Amino acid sequence: MRLFLEHTKRQINLLDGAWVFKCDNNKVGEIEKWYDSKLDGETIIVPSCWNNKLGMLKYEGVCYYQKEFYFVGGTLRINFGAVMTYAKVYLDSAYLGEHYGGFTAFDFIVEKVAEGYHTLTVMVDNSFNEISIPQKKVDWAHYGGITRSVSVELLNKITILSNKFDYRLTGNNAKCSFTVKLYNASNKTVSDKIKFYVNGEKMTEIKVTLEPNEYKTLKTKSFKVENVKLWDVNKPNLYSVSIESSTDDLFDRVGFRKVEVKSKKIYLNGKAIKLLGVNRHEEVGDLGMAFPPQLMYRDVDIIKDLNCNTIRGSHYPNNPVFVDILDEQGMTFWSEIPVWGCGFSPETLADERVIARGLKMHQEMVEQYYNHPSIIIWGMHNEIESQKEESVNMTKTFYNYLKENGGNRIVTYASNHALTDICYEYCDIICINQYTGWYGEDYHSWDKAVEDIYSYINSLGYGDKPVVMSEFGAAALYGYHTFDNVKWTEEYQANLLTYSIDCFMNKYKMSGTYVWQFSDIRTCEEMGLNRAREFNNKGIVNEYRKPKLAYSAVKEIYGKINRIK
Ligand code: ADA
């Protein structure tokens, strides 16, 4: 699902709604071939997390999902928005394939499907092992299920499977090209003319001939779009781009903008920008990570009211609908993959299988989110042991891939080893997670801590890289107040955040801050007892978006910084 129609010619059947669901506690589903017959289960609504079924809050393991649908016959494409975390998919008992990774879309194309009723069965597994990404120790709840939309499509002759739109700006003139992946869905050779449009105006066309069921990736010759209106913070100028064959089309939206990093600063469209943001998990109350689109709008409204110009999608690719909203609201975004922190041992970080899996997640993220103008930062990983040799290969591999393939974006990672990190070579901006005043000393010692950070960075010769505080904050229990400045109160959190942001932005003129975090989120037992309610309580709103005192404190200081800029 997107905020606009991606296809007008293609016949699409959304399979959201009631599915049959059965928990496979004893892992007998594969042996008993549950995908081979009608699943004898209960009803679940897709998309959702199975954790909000009573009794399943902490379920980790396998469940089966099944749905019957009618298909007119021909070449079928099945799309999954996201399944947490591992999926094996069957159509009418035939195995179609698998996908690992809970936060990106995947699809299967099946040729020569007969007209009539068909059964789709999905085995979903959210358990962990030594090469899981993330690992079991992670600071969010272990959700499972089909968490984003599912659809089936009829593909007809030459279809357009994907579109990557590239441009290079000189002033307000853009030199552009499309790279498209085409597929011939018929069992005959087909010739066709593929037409490419920007805002409805035809820019170029290509004649193609594809053999039966052939895939082909094509890049158009470049063309100019003159006097473009740039996409910017609060100026979300979007252009519609589309590709058309005789039998299919594909629509997307792009924005023209330029991100640069030079002499300690981040520039958007030639102007230095201070990133004022929050970290946000795509998680809400009892619904977990199957986040309803209307509430996405509400979150963005709240975050705009907070005077932010950026959001970090901690710690995984967010629903494309959310990123569409940011595109059309002029809010910048940091998108990352769930290689999260202390769950990964140094050996795991060096494990080629983990690096390959992480790289695949980056590839999927780049392919699926490439055209979004709001994404100005790719995040490689978060709080890994980047002070240890074992992290270097992973960081370098991810960095090289993203620099080469990620488009005009900043590439970085969030380090919690500010004074010992050995990977700063592989990032465009240095991003620090540090909780002075919460886990560590008094927050009044931030000034010294920041000076130490700068002197370490300078000593390595990276003094020219902008520095951003990608996480800092304190927990506060919603509604817990005091006359004294003590931990867990709303007052303490508000005071700590005001002091910290003032120190980072006003005193040390850093390039940005991302408060940890926007809302309280459910977490897991592995995080231990300092997670009261088994929640990460560092939200400046609670899990139902009720504001804590810190909300108005951050709003005030971000508002003032915005005004002086
Ligand atoms: C880390 C981590 C967050 C969260 C935070 C905290 O910085 O990246 O996901 O766990 O710590 O609350 O301690």
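Summarised in this report is the structure supplied together with it. (Residues numbered from 1 in each chain as written. Predicted model: local features only at pLDDT ≥ 70, side-chain atom pairs only at ≥ 80, totals over all residues. Heavy atoms only, no water.)

Things to note about the overall build of the protein chain
Moving on, step 1. The number of helices and strands found in the protein chain is eight helices and 35 strands.
Moving on, step 2. If you line up the protein chain on its principal axes, its C-alpha atoms span 70 × 60 × 40 Å.
Moving on, step 3. Long-range contacts, defined as pairs at least 24 residues apart, comprise 72% of the intrachain contacts of the protein chain with a sequence gap of at least 6.
Moving on, step 4. Of the roughly 22,400 Å² of accessible surface on the protein chain, a fraction of 50% belongs to carbon and sulfur atoms.
Moving on, step 5. In the protein chain, the 67 positive side-chain charges and the 72 negative ones have mean positions that sit 6 Å from each other. (Helix = DSSP H or I, 4+ residues; strand = E, 2+ residues; numbered from the N terminus. Contact = heavy atoms within 4.5 Å. Areas by Shrake-Rupley, 256 points an atom, 1.4 Å probe, with all protein chains shown as cover. Lys, Arg positive; Asp, Glu negative; His and termini not counted. Charge placed at Lys NZ, Arg CZ, Asp CG, Glu CD.)

Structural notes on the side chain of Asn-371
Moving on, step 1. Tracing the sequence through the fold places Asn-371 in the loop between α4 (352-369) and β29 (375-382).
Moving on, step 2. In this structure Asn-371 touches Asn-163, Lys-164, Phe-165, Asp-252, Arg-253 and Val-254, once residues within four positions along its chain are discounted.

Here we look at the sheet that holds strand β5 (residues 74-80)
Moving on, step 1. Ordered by their spatial adjacency, four strands build an open sheet running β1-β12-β5-β9, and the pairing between neighbours is antiparallel. With one partner strand each, in any of the chains shown, β1 (11-14) and β9 (106-113) form the two edges of the open sheet. For this sheet, the mean angle separating the axes of adjacent strands, direction not counted, is 20°.
Moving on, step 2. The pairing of β5 with β9 spans six bridges and is antiparallel. Across the sheet, Asn-79 pairs through a bridge with Asp-107, a residue of β9. (Pairing = 2+ DSSP bridges. Axes fitted to C-alpha atoms, helices over the stretch in contact; angles between N-to-C directions.)

Describing the site of the ligand
Moving on, step 1. In the vicinity of the ligand lie 13 residues, with Asp-139, Glu-383, Tyr-439, Glu-471 and Lys-538 positioned nearest.
Moving on, step 2. Within the side chain of Asn-382, one N or O atom sits 2.7 Å away from an oxygen atom of the ligand.
Moving on, step 3. Between the ligand and Glu-383, the relevant distance is 2.3 Å, taken from an oxygen atom to a side-chain nitrogen or oxygen of the residue.
Moving on, step 4. Alone, the ligand offers 320 Å² of accessible surface; in the complex the protein occludes 96% of this. (Near = heavy atom within 4 Å. Polar contact = N/O pair within 3.5 Å; in protein donor to acceptor, adjacent residues only side chain to side chain.)

What to know about the environment of Leu-250
Moving on, step 1. Its place among the elements puts Leu-250 in strand β22 (residues 249-254).
Moving on, step 2. A relative accessible area of 7% means that Leu-250 is categorised as buried.
Moving on, step 3. For Leu-250, the residues in contact, after removing those within four places along its chain, are Glu-6, His-7, Ile-160, Leu-161, Ser-162, Asn-163, Val-241, Ser-242 and Ile-243. (Buried < 20%, exposed > 50% of the residue type's maximum accessible area, 1.4 Å probe, protein only.)

Remarks on the pairing of strand β26 (residues 275-279)
Remember that side chains alternate between the two faces of the sheet whenever the strand is regular.
Moving on, step 1. The buried fraction of β26 amounts to five of the five residues, a majority that puts the element mostly inside the structure.
Moving on, step 2. Pairing geometry for β26 and strand β33 (residues 512-515), over four bridges, is parallel. Across the sheet, residue Leu-276 finds its bridge partner in β33, namely Thr-513.
Moving on, step 3. As paired elements, β26 and strand β27 (residues 310-313) share three bridges and run parallel to each other. Among the inter-strand pairings, Val-278 is bridged to a residue of β27, identified as Ile-311.
Moving on, step 4. A crossover links β26 with its parallel partner β27, the connecting element being helix α1 (residues 293-305), and its sense is right-handed. (Right-handed = clockwise from strand over helix to strand, strands pointing away.)

A word on unusual backbone geometry
Moving on, step 1. The step from Met-84 to Thr-85 runs through a cis peptide bond, and the omega angle for that step is 0°.
Moving on, step 2. Note that Thr-85 resides in the loop between β6 (83-84) and β7 (86-91).
Moving on, step 3. Residue Lys-157 is not a glycine yet carries a positive backbone phi of 50°.
Moving on, step 4. With respect to the secondary-structure elements, Lys-157 resides in the loop between β12 (150-155) and β13 (158-170).
Moving on, step 5. Of note, the phi angle at Asn-307 is positive, near 70°, even though the residue is not glycine.

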